[in-house]
Amino acid sequence: MAAALGSRAARRMRRLLSALKPGIQIPRAGPAAAFGSSVTSAKAAVNGVHLHYLRTGGGEHAVLLLPGMLGSGETDFGPQIENLNKKLFTVVAWDPRGYGHSRPPDRDFPVDFFERDAKDAIDLMKTLKFKKVSLLGWSDGGITALIAAARYPSYVSKMVIWGANAYVTEQDTEIYQGIRDVSKWSEKTRKPLEALYGFDYFARTCEKWVDGIEQFKHLPDGSICRDLLPLVQCPTLIVHGEKDPLVPRFHADFLHRHVRGSRLHLMPEGKHNLHLRFADEFNRLAEGFLQ
């Protein structure tokens with residue numbers, strides 16, 4: 001029995017680690033090199049730091065891509081940067097402070113780090129002179145998008161989120177502890193992030209993230225942003241992969257119930273990184289919703 005349980009635990013761990021960021025590529029010649037000359041790379045001074053972003057397209061509709069834990073525009077959104085409709089949209093993919101090329105500073109996780117990211121994201125787009133913006137947020141980026149939409153309702157036009165949660169449960173903390181030690185990640189998942197950050201920063205920041213996200217478990221109802229959900233006014237599409245091993249289905253259902261007028265779209269074969277594994281399907285879905 002113990003052996004069987006151990007085998008199941010090992011399989012679950014492999015699923016968790018394979019669901020993080022498989023197949024990402026870090027370009028050697030600079031953050032826009034992998035995407036060609038149609039993508040520009042720059043930094044903007046925002047709230048006391050210099051935030052890096054990639055920008056492509058010339059459409060009137062501005063769309064900000066918000067990455068997940070340890071993520072950046074280039075690592076998390078290759079298919080969206082390359083293939084979202086550049087005539088309809090101007091696409092900006094940012095690196096939150098302490099992630100990707102938005103360093104220094106090193107990443108830290110005070111209890112308001114999601115609120116800080118939301119303010120940084122909105123202020124970045126205002127610095128770039130966009131009058132309004134739609135948000136595409138994955139995982140931690142989905143949480144940031146929810147907060148931004150609640151805090152800045154007149155500035156956010158529409159929102160698509162996936163792999164996000166508004167609160168933390170004991171089940172969630174068990175999942176987070178399973179990814180704390182990056183040396184146990186698969187080589188395919190680990191190596192690109194090592195190339196971006198160096199092993200020490202990568203490993204240290206992942207541990208700090210686990211401690212940071214677990215802070216919310218000790219707050220009333222484990223809340224990250226559940227009290228803000230009724231303040232979201234923009235049309236919202238919640239996408240959930242039914243095979244997501246990192247964010248259980250009940251989180252998507254909760255968001256759908258509490259974000260007024262939201263739509264829930266389920267992808268039966270989708271995992272946490274559904275926008276990468278099923279990029280064409282996801283891009284069509286997002287484009288249709290944003291128009």
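As shown above, the structure is provided for reference.
Read on for an overview of the structure. (Residues numbered from 1 in each chain as written. Predicted model: local features only at pLDDT ≥ 70, side-chain atom pairs only at ≥ 80, totals over all residues. Heavy atoms only, no water.)

**Here's the deal with the overall build of the protein**
In step 1: From N to C terminus, the protein includes eleven helices and eight strands.
In step 2: For the protein, the proportion of contacts with a sequence separation of at least 24, taken over those separated by at least 6, is 76%.
In step 3: Here the protein displays about 12,200 Å² of accessible surface, and carbon together with sulfur accounts for 50% of that area. (Helix = DSSP H or I, 4+ residues; strand = E, 2+ residues; numbered from the N terminus. Contact = heavy atoms within 4.5 Å. Areas by Shrake-Rupley, 256 points an atom, 1.4 Å probe, with all protein chains shown as cover.)

**Some thoughts on the nonpolar core**
In step 1: If you look at the biggest cluster of nonpolar residues, it comprises 66 residues, and the most contacted ones within it are L64, M125, L135, M159, W209 and C225.
In step 2: Once residues within four sequence positions are removed from consideration, L64 is found in contact with V92, W94, A121, M125, V133, S134, L135 and L136.
In step 3: Membership of the second largest hydrophobic core comes to 24 residues, among which are V39, L274, F282 and L285. (Core = buried A, V, L, I, M, F, W, Y, C linked by side-chain atoms within 4.5 Å. Buried < 20%, exposed > 50% of the residue type's maximum accessible area, 1.4 Å probe, protein only.)

**Observations regarding the pairing of strand β6 (residues 156-162)**
In regular strands, side chains alternate between the two faces of the sheet.
In step 1: With six of its seven residues buried, β6 lies for the most part within the structure.
In step 2: Alignment of strand β5 (residues 133-138) against β6, held across five bridges, turns out to be parallel. Following the sheet pairing, W138 is matched in β6 by W162.
In step 3: Considered for its hand, the β-α-β crossover made up of β5, helix α5 (residues 140-151) and β6 is right-handed.
In step 4: Sheet topology note: the β6/strand β7 (residues 236-241) ladder contains four bridges and is parallel. In the strand pairing of β7, M159 is matched with T236. (Pairing = 2+ DSSP bridges. Right-handed = clockwise from strand over helix to strand, strands pointing away.)

Such coordinate-based values are descriptive only and should not be taken to indicate function.
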